Amino acid sequence: MPVPDLFFTMMKEEWRMHSTVFGSRGFALFPVVVATFAFLGSLTLPVFSDVLPHQTAALLALVLFLLMGVMVGSFGLMGREFMNRRFGQASLIAYASRSLPVSERRIFAAFFAKDTVYYILLYVLPFAAGFTAATPFVSLDPALGLLAFVSLTLAFLMGLSAVCLLSTLYARSVRLLIGAAAVLAVSGIAVSHSGIPVFPPYAFLLDPAPRPLVLALLLILVPAAASVLLVTVDYPDRTKRFRNSLDPIAGRLRRLGSAHFIAKDALDLLRSEGGAGKVIFSFLLPLGLIWVCLRILIRFIPGIDPLVVFAVLLGVISATIYNWLTEFDSFSAYAFLPVEVAGVIDAKLKSYALANLLPLAVLVLAAATSAGGAGSFLPALATFLSVSAYTLAVTVYLTGLYPNVMLYHAGVFLRYVLATSPALLLLIFASLLNPAYGFLSLLLVLPAALLIARGRTRWRAWEMPGY
Amino acid sequence: MRQMIEAVDLTKDYGSVTAVNRVSFSVAEGELFGLLGPNGSGKTTMIRMLTGQVRPTAGSARVMGLDVADDPIAVRRLVGIIPEQETPPSFLTAEEYLHFVARIRNLDAVEERCDHWFDLLEFGEKRNVLCKDLSRGTRQKLMFAQAFLHRPRLALIDEPLINLDPIVQRTVKDFLEDYVQDGGTVFLSTHILEIAAEICDRIGVIHNGRLLSCGRTEDLAGSGRSLERFFLDLVRGDAGA
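Residues numbered from 1 in each chain as written. Chains lettered and ligands numbered in written order. Predicted model: local features only at pLDDT ≥ 70, side-chain atom pairs only at ≥ 80, totals over all residues. Heavy atoms only, no water.

The name given to chain B in an unreviewed UniProt entry is ABC-2 type transport system ATP-binding protein, with the source organism recorded as Methanoculleus thermophilus.

Given below as structure tokens:
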């Protein structure tokens, strides 16, 4: 089968997979929602230009798309388990090289091309279109839209190809992966001292010259080609054996109730592929970037304390922990046991509360490194806890046990943003005036409780789909 | 004799598709009842309705005297279920999964129960392996073990022998026959006619959501016809009607 045929079949498969879950219209509208938010966000650029220079905003957007490429690519590491939990014994073309007369390289090349085109259409193009549409209103040259599209595409593909290479190496040998990561790290440090741009998409955005473009293309094409050449489905035998850890963990959590569910969540997190990577890439790295940006911000506006603002963002990002907790679980796994959906959700909430000790530690660390840390720690703590609870409540109400798929539905995503962003923006602005206004966040606790209660009732009525 | 399952005009619509259409039947205590049908005929939807996993659009069902729509959790507490497609959680070991199910069902003597099933189905050497690393056959053994872990009086099992090797298939068939002889009741859904012919006391044939025939196995397949011939004539006749 030629690669173009495989490519188009995979494109169809990807579309059908998503549209089966969200409905064709709901999923087709997702890029429209991305474009709308990019448009609205771009309109606010002049408002924040004093505190967030355009160049810094552009760098943040490029880093965001780099991370997005990493996340799309890392799906290859753990995608099969995810798909099996969601759709039963999923049988995707990408996994079928042993049953089809097609080489693994062809399948992987088509898979890489499919991910590139599909996710550029889903995220990058709508984002760039939204930004371009806003340029006339913010006194920017509309031609910047094209430049933004190219730079964002380069950043996205850099993340995608790097993680594809790393996952290919991982499939061959963990030592090979560690060695390659070490070589990359040393090369990065060496390059940073040589005057060559470390992040060529950003250099290309600032100066659209051939040099950064060629460099970016090399950083995309070389790892992509290497991962296609080295790809293997003959994973080394990694059948690990584990002693029963469920009962000991549950024993320690007995007083919380739902102890075996919480223990299962803990084991899912600890044993799933990419467990530590998830924590680093989707949690600690974005938080570190945000904290650094906020510390830069206070140089432009002396006198403000960024800790409460950080606590707001920390609360929002913490809600993604709920996505981790539901990633390898679905209610169909319990539907034949004497368990209610509401019972599973309650257990997830307890797991979430325990897992929130991690962001709490991050907040304490941030307070320790903040100039006015001690004074604003209490309002920041209240803000973090309230925002985390509220954002979680909105997620549970809207998506039940399926945040990883439901948030791609345009309607659900729109409602999520509308339910969270006004309150959070208000909190951010109020806390910039005075950190003590962070205590206002406690007002979110009541709607959070109501949403959780309504969410439990709503998802109790949920029924397994058929046909 | 006590009726363990009583379905009256049971109907399930999924949008414009009627998966099960006004089906009525009953299963008495101590029976091994087989629901036969081609793929997509409504067998799995029937089991899901009888165990409260989906709500009927119309009609009613009582399982062990309980109205399934009123208290599905109570029904699932009493019965054992092997779902058709579900696999055990990826990141628990086989042993942990059985312990997990045992805790949900508030069972005692968990080790003893688990050991019994590891020995009977001969997969004790896999007890410490993650479910994701188990073969399909071993996963099916595990799903079988979880369904009978609490020694239910009624089991509703969907394609229970799929992926099992002939040796374990024999063990499972023997177990089911002993289980029924000891007073247990089985509602078995399958499209493998040989299994039904070999172990079922009574058989229902479902096609396009409608129950075409229901009766004792020897009566249906009687008059010199094999069960396969009877089934094919019935289903093809219905498809052509």
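Student: An account of the overall build of chain B is needed here, citing residue identities and associated values.
Tutor: From N to C terminus, chain B includes nine helices and 10 strands. The buried share of chain B, taken over its 241 residues, is 58%. A separation threshold of at least 6 residues defines the contact pool for chain B, and within that pool the share at least 24 residues apart is 68%. Total accessible area on chain B stands at roughly 9,500 Å², and carbon and sulfur atoms take up 44% of it. Taken together, the 28 basic and 35 acidic charged side chains of chain B have centroids lying 5 Å from each other. (Helix = DSSP H or I, 4+ residues; strand = E, 2+ residues; numbered from the N terminus. Buried < 20%, exposed > 50% of the residue type's maximum accessible area, 1.4 Å probe, protein only. Contact = heavy atoms within 4.5 Å. Areas by Shrake-Rupley, 256 points an atom, 1.4 Å probe, with all protein chains shown as cover. Lys, Arg positive; Asp, Glu negative; His and termini not counted. Charge placed at Lys NZ, Arg CZ, Asp CG, Glu CD.)

Student: Explain the domain arrangement of chain B residue by residue, including any values.
Tutor: Residue and element names in this part refer to chain B. Looking at the assigned domains, one finds that chain B contains domain 1 (3-79 + 154-240) and domain 2 (86-151). A straight line from the C-alpha centre of domain 1 to that of domain 2 covers 25 Å. In this complex, domain 1 contributes 17 residues to the contact, which on the side of domain 2 involves 11 residues. Summing both partners gives a buried area of about 1,200 Å² for domain 1 against domain 2, and 71% of it is carried by carbon and sulfur. Where domain 1 meets domain 2, there are zero salt bridges. Seen at the junction of domain 1 and domain 2, the total is six residue pairs in polar contact (both at pLDDT 80 or more). Those elements that place two or more of their residues in the side of domain 1 that touches domain 2 are α2 (72-78), β7 (154-158) and α6 (166-181). The leading source of residues in the side of domain 1 that touches domain 2 is α6, at six residues. Tallied by class, residues from the side of domain 1 that touches domain 2 come to 12 nonpolar, two polar and three charged. (Domains from an automatic or database assignment. Buried area = accessible area lost by both parts, 1.4 Å probe. Salt bridge = Lys/Arg side-chain N within 4 Å of Asp/Glu carboxyl O. Polar contact = N/O pair within 3.5 Å; in protein donor to acceptor, adjacent residues only side chain to side chain. Nonpolar A, V, L, I, M, F, W, Y, C, P; charged D, E, K, R; others polar.)

Student: Any details on the environment of Leu32 of chain B? Residues and values, ideally.
Tutor: Residues and elements named next belong to chain B. Here Leu32 is to be found in strand β3 (residues 32-36). The exposure class of Leu32 is buried, given its relative accessible area of 1%. Each C-alpha atom of the pair Leu32 and Val79 lies 14 Å from the other, and the pair is 47 residues apart in sequence. Dropping the residues within four chain positions of it, Leu32 is found in contact with Leu176, Val180, Val186, Leu188, Ile199, Cys200, Asp201 and Arg202.

Student: Run through the side chain of His99 of chain B, naming residues and quoting values.
Tutor: For His99 of chain B, the location among the structural elements is in helix α3 (residues 94-104). For His99 of chain B, a relative accessible area of 2% gives the class buried. Within polar-contact distance, the side chain of His99 of chain B engages the side chain of Asn244 of chain A at 3.4 Å. There is a polar contact of 2.5 Å between the side chain of His99 of chain B and the side chain of Asp247 of chain A.

Student: Quick rundown of the interface of chain A and chain B? Include the residues and the values.
Tutor: Listed per partner, the contact involves 38 residues of chain A and 44 residues of chain B. Of the roughly 3,700 Å² buried where chain A meets chain B, counting both sides, 57% is carbon and sulfur surface. Inspection of the region where chain A meets chain B yields two salt bridges. Across the salt bridge formed by Arg271 of chain A and Glu96 of chain B, the nearest N and O atoms sit 2.7 Å from each other. Where chain A touches chain B, the interface holds 11 residue pairs in polar contact (both at pLDDT 80 or more).

Student: Got a sec to walk through the packing of aromatic side chains? Specific residues and values, please.
Tutor: All names here are of chain A. In this structure the tally under the stated criterion is 24 aromatic pairs over all chains. Ring centres of Tyr119 and Tyr123 lie 6.0 Å apart, and the angle between their planes is 20°; on these two criteria the pair is classed as stacked. With Tyr119 and Tyr123 both in helix α6 (residues 104-134) and four residues apart, this pair spans about one turn of that helix. The residues Tyr119 and Tyr123 share a single accessibility class, namely buried. Counting every residue linked through ring pairs, the aromatic cluster contains Phe30, Phe37, Tyr118, Tyr119, Tyr123 and Phe413. (Phe/Tyr/Trp six-rings, centres within 6.5 Å; stacked < 30°, edge-to-face > 60°.)

Student: Give a detailed account of the nonpolar core, specifying residues and quantitative values.
Tutor: Phe25, Phe148, Leu176 and Phe187 of chain B are the most contacted members of the largest nonpolar core, which totals 148 residues. The greatest single-element share of this core, amounting to nine residues, is contributed by helix α18 (residues 373-399) of chain A. Taken together, domain 1 (3-79 + 154-240) and domain 2 (86-151) of chain B each give at least three residues to this core, which thus spans both. Of all hydrophobic cores here, the second largest spans 39 residues; its members include Phe7, Val34, Ala61 and Leu157 of chain A. (Core = buried A, V, L, I, M, F, W, Y, C linked by side-chain atoms within 4.5 Å.)

Student: Can you lay out helix α14 (residues 307-318) of chain A for me, pointing to particular residues and giving the numbers?
Tutor: All names here are of chain A. With 12 residues, α14 should cover 16 Å at 1.5 Å per step; its first-to-last C-alpha distance of 16 Å lies within 8% of that length. Here α14 lies mainly inside the structure; 10 of its 12 residues are buried. Listing the buried residues of α14 in full gives Leu307, Val308, Val309, Phe310, Ala311, Val312, Leu314, Gly315, Ile317 and Ser318. (Expected span 1.5 Å × (residues − 1).)

Student: Account for the pattern of salt bridges, naming residues and giving values.
Tutor: What the rule picks out here adds up to 21 salt bridges over all chains. Note that Lys132 of chain B and Asp133 of chain B form a salt bridge whose closest N and O atoms lie 3.3 Å from each other. With a relative accessible area of 28%, Asp133 of chain B lands in the partly exposed category. Note that Arg216 of chain B is salt-bridged to Glu218 of chain B, the shortest N-O span being 3.3 Å. According to the relative accessible area criterion, Arg216 of chain B is partly exposed, its value standing at 36%. Beyond isolated ion pairs, a larger network of salt bridges with shared partners links Lys264, Asp265, Asp268, Asp329 and Lys348 of chain A.

Student: Describe in detail the sheet that holds strand β1 (residues 3-14) of chain B, supporting the description with residues and values.
Tutor: Residues and elements named next belong to chain B. Taking strand neighbours across the sheet as the criterion, the four strands line up as β2-β1-β4-β5 in an open arrangement whose pairing is antiparallel. A single partner strand is all that each edge strand has here, and the edge strands are β2 (17-28) and β5 (66-67). As defined by bridge partners, β1 adjoins strand β4 (residues 58-63) across five bridges and the pair is classed as antiparallel. Of the residues in β4, the one forming a bridge with Val8 is Ser60. Running at roughly 120° to β1, helix α1 (residues 43-50) makes contact with β1, β2 and β4 of the sheet. (Pairing = 2+ DSSP bridges. Axes fitted to C-alpha atoms, helices over the stretch in contact; angles between N-to-C directions.)

Student: If you had to explain the packing of α6 of chain A against helix α10 (residues 210-230) of chain A to someone new, which residues and values would you point to?
Tutor: Residue and element names in this part refer to chain A. In the contact formed by α6 and α10, the axes pass within 8 Å of each other and the chain directions differ by 150°. Classified by the angle between their axes, α6 and α10 sit roughly antiparallel to one another. Facing Arg105, Phe108, Ala109 and Phe112 of α6, the residues of α10 in contact are Ala224, Ser227, Val228 and Leu229. Looking at the contact of α6 with α10, its residues break down into six nonpolar, one polar and one charged. (Parallel < 35°, antiparallel > 145°, perpendicular 65-115°, else oblique.)

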